[in-house]
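# Examining the three-dimensional arrangement
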Amino acid sequence: MTRTSLFLAACLAAATAVGVQPALAAESPFEPGLMRLAEVLGSLHFLRNLCGEKGDQWRTDMEKLIDSENPDPERRARFIASFNRGYRSFGGTYTQCTPSATEAISRYMKEGETLSRDIASRYGN
């Protein structure tokens, strides 16, 4: 074997020993918006129930979003983690409905509406 062949064989052996990771698929351009929408839904689920709304409307909307996306298990876990992050972000802040909680609801409703509209208009078919 020539010196070049030995070098290439050593590089190949080292790459195999390290365990080359497969390339990940590129994230779709609307993915950050969908994850933020999931977080907004989680926040609304907590806040609206805190302020007197009874029911699971926001969790149901999240389930519809997941169903419509039909994600693989890893992406599904990211959706759920985003929803839970939104829910928990207010759990440590509010124990009762306050004017600032009501204001947060208003802002999150507007943000969710904007995200939904923008994603649908830019990437919908």
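Scroll up to find the structure.
Residues numbered from 1 in each chain as written. Predicted model: local features only at pLDDT ≥ 70, side-chain atom pairs only at ≥ 80, totals over all residues. Heavy atoms only, no water.

Our next topic: helix H5 (residues 99-123). Three- or four-residue spacings in an α-helix give side chains the same orientation, since the helix completes a turn every 3.6 residues. Between the first and last C-alpha of H5 there are 36 Å, a value that for 25 residues agrees with the 36 Å anticipated at 1.5 Å per step. Of the residues making up H5, those classed as buried are Ala101, Ala104, Ile105, Tyr108, Gly112, Leu115 and Ile119. Summarising the contacts, the buried residues of H5 are in contact with helix H2 (31-50) and helix H4 (73-91). (Helix = DSSP H or I, 4+ residues; strand = E, 2+ residues; numbered from the N terminus. Expected span 1.5 Å × (residues − 1). Buried < 20%, exposed > 50% of the residue type's maximum accessible area, 1.4 Å probe, protein only. Contact = heavy atoms within 4.5 Å.)

Before going further, it helps to spend a moment on the side chain of Glu31. Structurally, Glu31 can be placed in helix H2. There is a polar contact of 3.1 Å between the side chain of Glu31 and the side chain of Arg78. The residues touching Glu31, leaving out its near neighbours within four places in the chain, are Arg75 and Arg78. (Polar contact = N/O pair within 3.5 Å; in protein donor to acceptor, adjacent residues only side chain to side chain.)

Take the pattern of salt bridges next. Taken as a whole, this structure holds nine salt bridges when the rule is applied. Residue Glu111 pairs with Arg36 through a salt bridge whose shortest N-O separation is 2.7 Å. Taken together, the positions of Glu111 in helix H5 and Arg36 in helix H2 put the pair 75 residues apart, joining distant regions of the chain. Since its relative accessible area comes to 27%, Glu111 is described here as partly exposed. Of the charged contacts in the structure, one is a salt bridge between Arg48 and Glu53, with a shortest N-O distance of 2.7 Å. Among the charged side chains, a salt-bridge network with shared partners connects Glu31, Glu69, Glu74, Arg75 and Arg78. (Salt bridge = Lys/Arg side-chain N within 4 Å of Asp/Glu carboxyl O.)

Here Leu115 is to be found in helix H5. The exposure class of Leu115 is buried, given its relative accessible area of 17%. Along the primary structure Leu115 and Leu37 are separated by 78 residues, whereas in three dimensions their C-alpha atoms are 6.5 Å apart. When residues no more than four places from it in sequence are discounted, the contact partners of Leu115 are Gly33, Arg36, Leu37 and Val40.

With that out of the way, let us pick up unusual backbone geometry. Within the chain, Asn70 stands out as a residue other than glycine whose phi angle is a positive 45 degrees. Positionally, Asn70 belongs in the loop between helix H3 (57-69) and H4. We classify Asn70 as exposed; its relative accessible area is 65%.

This part takes up the state of the cysteines. All told, the structure shown has one disulfide when counted by the stated rule. Here Cys51 pairs with Cys97 through a disulfide, and the sulfurs are 2.0 Å apart. Measuring handedness by torsion sign, the sulfur bridge of Cys51 and Cys97 sits at about 95 degrees and is right-handed. On the criterion of sequence distance, the pair formed by Cys51 in the loop between H2 and H3 and Cys97 in the loop between H4 and H5 is long-range, its members being 46 residues apart. Accessibility expressed as a relative area gives 35% for Cys97, which makes it partly exposed. (Disulfide = S-S within 2.5 Å.)

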